[in-house]
Amino acid sequence: MNDLSGLTIIHLDELISTTFLGLMNSYVLSHRLEIPDALIAATALVYDIKLYTNNVRDYRFIKGLKLYNF
């Protein structure tokens, strides 16, 4: 079993929701942004968190996102 005690839980709030909607409006058709990816990106943008992913192509077009490939 993994120890998840060091993780921080970030709850969905109005600012994340608003940012999410903006991302969906901007990128759902042009880049096929999917709902889970938009929620993750919105959370990272709102809280100014680095986003580490193996799927850089899913996020590389989002301005202001601190994106890192691992």
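Preceding block: the structure.
Definitions and limits used
- Residues numbered from 1 in each chain as written.
- Predicted model: local features only at pLDDT ≥ 70, side-chain atom pairs only at ≥ 80, totals over all residues.
- Heavy atoms only, no water.
- Helix = DSSP H or I, 4+ residues; strand = E, 2+ residues; numbered from the N terminus.
- Expected span 1.5 Å × (residues − 1).
- Buried < 20%, exposed > 50% of the residue type's maximum accessible area, 1.4 Å probe, protein only.
- Contact = heavy atoms within 4.5 Å.
- Core = buried A, V, L, I, M, F, W, Y, C linked by side-chain atoms within 4.5 Å.
- Phe/Tyr/Trp six-rings, centres within 6.5 Å; stacked < 30°, edge-to-face > 60°.
- Polar contact = N/O pair within 3.5 Å; in protein donor to acceptor, adjacent residues only side chain to side chain.

Some points on helix α2 (residues 35-46)
Point 1. When the terminal C-alpha atoms of α2 are compared, their 16 Å separation across 12 residues agrees well with the 16 Å that a helix rising 1.5 Å per residue should span.
Point 2. Buried within α2 are the following residues: D37, A38, A41, A42, T43 and A44.
Point 3. Taken together, the buried residues of α2 touch α1 (14-27) and β1 (51-53).

Side note on the nonpolar core
Point 1. Ranked by internal contacts, the top residues of the largest apolar core, which has 15 residues, are L23, Y27, L33, A41, Y59, I62 and L65.
Point 2. Looking at this core, the elements with two or more residues in it are α1 and α2.
Point 3. No other element matches the 5 residues that α1 contributes to this core.
Point 4. Setting aside anything within four residues of it in sequence, one finds Y27 in contact with R32, L33, F61, I62 and K63.

Side note on the packing of aromatic side chains
Point 1. The full count for this structure, using the stated rule, is 2 aromatic pairs.
Point 2. Their ring planes at 55 degrees and their centres at 5.0 Å tell us that Y27 and F61 sit as a pair that is tilted. Residue Y27 is found in helix α1, and its partner F61 is found in the loop between β1 and β2 (67-69); the two are separated by 34 residues along the sequence.
Point 3. The buried category is assigned to F61, whose relative accessible area is 16%.
Point 4. Their ring planes at 25 degrees and their centres at 5.1 Å tell us that Y52 and Y68 sit as a pair that is stacked. One end of the pair, Y52, is in strand β1; the other, Y68, is in strand β2, and 16 residues separate them in sequence.
Point 5. Exposure remark for Y68: the relative accessible area of 33% places this residue in the partly exposed category.

Considering the environment of N54
Point 1. Residue placement: N54 occurs in the loop between β1 and β2.
Point 2. With relative accessibility at 52%, the residue N54 sits in the exposed group.
Point 3. Each C-alpha atom of the pair N54 and L7 lies 19 Å from the other, and the pair is 47 residues apart in sequence.

Let's talk about the side chain of T53
Point 1. Here T53 lies in strand β1.
Point 2. With residues up to four places along the chain from it excluded, the contact list for T53 reads Y59, L67, Y68, N69 and F70.

A short note on the side chain of D37
Point 1. Note that D37 resides in helix α2.
Point 2. Here the side chain of D37 touches Y59 through a polar contact of 3.0 Å, side chain to side chain.
Point 3. Apart from the residues within four sequence positions on either side, D37 is in contact with D58 and Y59.

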